[in-house]
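Architecture and fold: a report
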Amino acid sequence: MADVWHHAWLLARKDLLVEFRSRTAIVSAVVFTILVLLVFNFGRDPTAVAAVDLAPSILWVTFTFAAMLALNRAFQLELENQALDGLLLAPVSRSSIYLGKLIANLVFVATVEAVGLPLFALFFNVSVVPVLGPLLVVIALATIGFVAVGTLFSAMTGRTRFAELLLPVLLLPFMLPPLIWAVLATAALLAGRPLSETAGWLRLLAAFDLVFVTLAFLLFPATVNE
Amino acid sequence: MRLLKTGRWIAIVGLALLAAVYVRAIAFTPVERMQGVAQKIFYLHVPAAIWTETGMILVGVASIFYLFLKDPRLDRFAEATAEVGMMFGTIVLTTGPIWGKPIWGTWWTWDARLTLTLLLFLMYVGYLLLRGAVTEPGLRARYAAVLGISGMCLVPFVHLSVYMFRTLHPQPIVLKPSAPSLPGAMLATLAFSFLVFTVLYVGFVTQRYALSLLREQAEPHA
Amino acid sequence: MPENTAYMVTAYIVTAAILVGYAVLLYRRTLKP
């Protein structure tokens, strides 16, 4: 069991090192985040629309894009030079490969979110600090949810035609529920509503994560076994 | 080929019976007082919705068995059910807004069933697109099975959350498309309609399954 | 009682069209080799 985690961490490290050395994807994601935040801010009439009404949706649009960017690239590394075969031949379990990819993707998305959240608070003038704890929990749970499913699906779409189009299409029905719960929870938190109101959404997010991380773990071998 | 012909006959019988459903629903079922004649859309909408959702569950179950047993018949069944399920989903997504407009005053609402059906429809589309994008049959069956199982697992979450959503944001309308308790004549019509939709499901899936089989037999395996 | 027969008729026609249309689609697919 410890081996699985150890291998997973090694694999994740490899992916992250490759990514952070080239830095292209992370820079694109961060730039996009800033762009979206700026555009939405200039696009609204401050007297007509309160920032706090629009804010949750905008926040999650940017985070979702960052996740899609990470996921599209997830298995691209392995497509070149048939590196995936090399991985499969290595003495690591399939579960480690999935876990490694998941960790790498999560770190990528978390980095973008770590940059995005403060910028968001700054541009939209929403007070994030009083609800920071619960907000971080919401962000973490939702992110884990769609990255877990996305990592599984990207293993399948990588080798198909129109891979970059297919992945978002497949992912859409699975991203909508956690995304909606996250937006509702974020909206409730930023509006200063009592914590008990967010509890329902948090429970759904946690249940979703539990089910789908386990499911992805169990199904991943079916996507790579010959 | 026998299976195809059987399926075709079942479907034809189903369509003939559908005409009987139409007659019964329109002429021999009482009109609902509050909603008027438009309420009769219910008799088509609900059975279609039941089969849309059941279809997804069947795809999921067939997929689980496929991953363990690797029997191509299960994969063919999943493919057939997915296509037929998507077709029923189209009926729900068209009759729903048509019903909603006169009753709710709006074409769309995030009503439990419509939202669930929309997501189911998107899942079916994704499932069929994935199948279309993978050419190698073994790989295609495995990938489809993974997606099918994932889809089936999503269904309870959507159910739960849509009902939760409704308790926090009550519907702005008074009337709901489904009555929990129906007078006898209406219940009978609904039951009859559901029976006919079941016959149609069986007929269509049988034909679609036979089609897959025929296609595989026509192309020599690599 | 509200007057909304047109909606009912439309829905019934659309449903029949989809079902019959699918039946026809399946039939035509078997004709192509």
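Residues numbered from 1 in each chain as written. Chains lettered and ligands numbered in written order. Predicted model: local features only at pLDDT ≥ 70, side-chain atom pairs only at ≥ 80, totals over all residues.

Side note on the packing of helix 3 (residues 72-104) of chain B against helix 6 (residues 184-218) of chain B
All names here are of chain B. Between helix 3 and helix 6, the shortest axis-to-axis distance is 8 Å and the interhelical angle comes to 130 degrees. Considering the angle they form, helix 3 stands oblique to helix 6. Taken as a pair, helix 3 and helix 6 cross one another with a handedness that is right-handed. For the pair helix 3 and helix 6, contact is made by Arg76, Phe77, Glu79, Ala80, Thr81, Glu83 and Val84 and by Tyr201, Phe204, Val205, Arg208, Tyr209, Ser212 and Leu213, respectively. Grouping the constituent residues of the contact of helix 3 with helix 6 by class yields eight nonpolar, two polar and four charged. (Axes fitted to C-alpha atoms, helices over the stretch in contact; angles between N-to-C directions. Helix = DSSP H or I, 4+ residues; strand = E, 2+ residues; numbered from the N terminus. Parallel < 35°, antiparallel > 145°, perpendicular 65-115°, else oblique. Left-handed = near helix turned anticlockwise from the far one by under 90°. Contact = placed C-beta atoms within 7 Å. Nonpolar A, V, L, I, M, F, W, Y, C, P; charged D, E, K, R; others polar.)

Some details on the interface of chain B and chain C
Facing 27 residues of chain B, the contacting portion of chain C comprises 20 residues. At the level of elements, helix 1 (2-27), helix 3 and helix 6 of chain B are the ones that each hand at least two residues to the side of chain B that touches chain C. Per element, the largest residue contribution to the side of chain B that touches chain C is nine residues, and it comes from helix 3 of chain B. When the residues that make up the side of chain B that touches chain C are grouped by side-chain class, the tally is 18 nonpolar, five polar and four charged.

A look at the confidence of the model for chain C
Per-residue pLDDT for chain C has a mean of 87; in total, 91% of the residues score no lower than 70. For this predicted complex, the interface confidence reaches an ipTM of 0.89, while the overall pTM sits at 0.88. (pLDDT = per-residue confidence, 0-100.)

Here's the deal with the environment of Gly89(B)
All names here are of chain B. Structurally, Gly89 can be placed in helix 3. Residue Gly89 is classed as buried on the basis of its 26 C-beta neighbours within 10 Å. Between the alpha carbons of Gly89 and Leu120 there is a distance of 7.6 Å; along the sequence they are 31 residues apart. Excluding residues within four positions of it along the chain, Gly89 makes contact with Thr52, Thr117, Leu120, Phe121 and Tyr124. (Buried ≥ 20, exposed ≤ 12 C-beta atoms within 10 Å, placed from the backbone.)

Let's talk about the interface of chain B and chain A
With 23 residues of chain B at the interface, the matching set in chain A holds 22 residues. Those elements that provide at least two residues to the side of chain B that touches chain A are helix 4 (112-133) and helix 5 (137-168) of chain B. Looking at the side of chain B that touches chain A residue by residue, the classes come out as 19 nonpolar, three polar and one charged.

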